[in-house]
Amino acid sequence: MVPNDLVYTKDHEWVRIAGGVGTVGITDHAQEALGDLTFVELPAVGQQLAKGDEACAIESSKAAASVYAPVSGKVVEVNPDIEADPGLVNSDCYGKGWFYKIELSDAAEAGSLMKPAAYEKLLEEGQH
């Protein structure tokens, strides 16, 4: 079951939007597929990201991967806890394992992201 207060990308990022700011992370499916995270490179506070831009680089026991911006905007905060302990993404990907917060430049972009039921269907159909 995926959290209902989030929207999702087909690349397994999630975003929780509140007050024009989105908190971004990767889904349980993504962290499980990657295995134990060993390194996280976060974007710089103040960095402008366009939807689809590479925002973070991550490495795990299995692979290196990128985390893409699900929406456009300016990075307003990063999570230093996951740089010190990347395993937080594995243990609490929807809570303490978030990556960064972004001030949305176009709130309408979030409307193109998947609702929880659509994301669940993507996973069930094996389109990942």
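Relevant structure appears above.
First things first, this report covers the structure right here in the doc.

Rules used in this analysis
Residues numbered from 1 in each chain as written. Predicted model: local features only at pLDDT ≥ 70, side-chain atom pairs only at ≥ 80, totals over all residues. Heavy atoms only, no water. Core = buried A, V, L, I, M, F, W, Y, C linked by side-chain atoms within 4.5 Å. Buried < 20%, exposed > 50% of the residue type's maximum accessible area, 1.4 Å probe, protein only. Helix = DSSP H or I, 4+ residues; strand = E, 2+ residues; numbered from the N terminus. Contact = heavy atoms within 4.5 Å. Pairing = 2+ DSSP bridges. Arc of directions from axis to C-beta. Phe/Tyr/Trp six-rings, centres within 6.5 Å; stacked < 30°, edge-to-face > 60°. Lys NZ or Arg CZ within 6 Å of the ring centre and 35° of its normal.

## Points about the nonpolar core
Nonpolar side chains tend to gather and get buried jointly when the protein is soluble and globular. With 27 residues, the main nonpolar core has I26, I58, F99 and Y100 as its most contacted residues. Mapped by element, the contributors of at least two residues to this core are β3 (21–26), α1 (28–34), β4 (37–41), β6 (54–60), β8 (73–78), α3 (87–91) and β9 (100–104). If we ignore the near neighbours within four places in the chain, the residues touching I26 are H12, E13, W14, Q31, L34, I58, V67, V89, C93 and F99. L6, Y8, W14 and Y94 belong to the second-largest nonpolar core, a separate cluster that totals 10 residues.

## Section: the sheet that holds β3
In space, the 6 strands of this open sheet follow the order β1-β2-β3-β9-β8-β5, with antiparallel pairing throughout. Edge positions in the sheet fall to β1 (7–8) and β5 (48–49), since each of these pairs with one other strand and no more. Pairing geometry for β3 and β9, over 4 bridges, is antiparallel. Note that in β9 the partner of V21 across the bridge is E103.

## With respect to helix α4 (residues 116–124)
Burial in α4 covers these residues: P116, Y119, E120 and L122. Each buried residue of α4 sits inside an arc of 155° when the element is viewed along its axis, so together they form one side. Pointing more than 90 degrees away from the buried face of α4 are the exposed residues A117 and E124. Residue G126 follows α4 closely and has a positive phi angle near 75°.

## Observations regarding the side chain of T23
With respect to the helices and strands, T23 occurs in strand β3. In this structure T23 touches W14, V15, R16, W98, Y100 and K101, once residues within four positions along its chain are discounted.

## Thoughts on the packing of aromatic side chains
The relative placement of two aromatic rings is captured by the distance of their centres and the angle of their planes. The tally for this structure, following the rule as stated, stands at 2 aromatic pairs. Here Y8 and Y119 contribute two aromatic rings whose centre-to-centre distance is 4.6 Å and whose plane-to-plane angle is 10°, an arrangement assigned as stacked. Of this pair, Y8 sits in strand β1 while Y119 sits in helix α4, and the two are 111 residues apart along the sequence. Judged by relative accessible area, Y119 falls into the buried class, the value being 0%. Ring geometry for W14 and Y94: centres 6.1 Å apart, planes at 45°, overall tilted. Note that W14 is positioned in strand β2 (residues 13–18) and Y94 in the loop between α3 and β9, a separation of 80 residues in sequence. Each member of the pair, W14 together with Y94, is buried. Sitting above the plane of the W98 ring, K101 keeps its charged end 5.1 Å from the centroid.

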